[in-house]
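Spelled out from the first residue to the last, the chains are:
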Amino acid sequence: MSTGDINGVDTAHLLFARGVVGDTPAAGDYTWRASNEWVHGTHSKTKIDGYFGLGEERNHKGAYEFEADHPLEFNAADNAATPVEIVLAGLASCLTAGVAAVAENREIKLRSVKATLEADMNIGGILGADPDVRNGFTDVRVNYEIDADETSEADLEALVAQSQKISAVFDIMTNPTNVTVSVN
């Protein structure tokens, strides 16, 4: 088990955490939070600083902020990435973290990892132009370029496949999730 000396991921700690959650399932219950405030037009800011995990309230080392907007052709100010692009960033980040963790556990030294994502959608649904058009993505493509020491293409494909298997964001995007929206 590596403590992070290959790619910087302490897999010994992750496997210890897996054992703890296996022995005490409630330790695996987390609640992630984000608060969002409208700025103007379609521009908003999201702040992330606290979450619940391991049975107690926790804070990140600092607060993280993200902005979202829409592009000029939507008659918006284009002050930031669109929300759907932020979803792609979340997927890329989660899958890439998984690639690094799985590589570390398999003692594969990574030299570089680059993911390129594309997602197709028809905005006719969002605009109300066609009620039969889905509002979200119809197809997402993720392509990896991975340079690693003495690793076959089959090993790299297995690395990415295992990353998908353990990725929370991949799961969120590929399985239905119950979402409740309310107004206070």
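Residues numbered from 1 in each chain as written. Predicted model: local features only at pLDDT ≥ 70, side-chain atom pairs only at ≥ 80, totals over all residues. Heavy atoms only, no water.

(A) Broad picture of helix α2 (residues 83–105). In this model, α2 (23 residues) spans 33 Å end to end at C-alpha, consistent with the 33 Å of a helix rising 1.5 Å per residue. Buried residues along α2 sit against α1 (11–23), β5 (110–120), β6 (139–148), α3 (153–166) and α4 (168–174). Following α2 by one or two positions, Glu107 adopts a phi angle in the positive range, close to 60°. (Helix = DSSP H or I, 4+ residues; strand = E, 2+ residues; numbered from the N terminus. Expected span 1.5 Å × (residues − 1). Contact = heavy atoms within 4.5 Å.)

(B) Just unusual backbone geometry, in detail. In the Ramachandran plot, Leu54 falls in the positive-phi region, its phi being about 55° despite a non-glycine side chain. Here Leu54 lies in the loop between β3 (43–53) and β4 (56–68). Here Leu54 falls in the partly exposed class, since its relative accessible area comes to 46%. (Buried < 20%, exposed > 50% of the residue type's maximum accessible area, 1.4 Å probe, protein only.)

(C) Structural view of the packing of aromatic side chains. In total, this model carries three aromatic pairs according to the counting rule given. Plain terms: the ring middles of Tyr30 and Trp32 are 5.3 Å apart, the flat faces sit at 25° to each other, and that makes the pair stacked. Under the relative-accessibility criterion, Tyr30 is labelled partly exposed at 33%. Judged by relative accessible area, which is 60%, Trp32 ranks as exposed. Arranged with centres 6.2 Å apart and planes meeting at 15°, the rings of Tyr30 and Tyr51 form a pair that is stacked. You can see Tyr30 sitting in the loop between α1 and β1 (31–32) and its partner Tyr51 sitting in strand β3, a full 21 residues away along the chain. Note on Tyr51: relative accessible area 15%, which makes it buried. Through a chain of ring-to-ring contacts, the aromatic side chains of Tyr30, Trp32 and Tyr51 assemble into a single cluster. (Phe/Tyr/Trp six-rings, centres within 6.5 Å; stacked < 30°, edge-to-face > 60°.)

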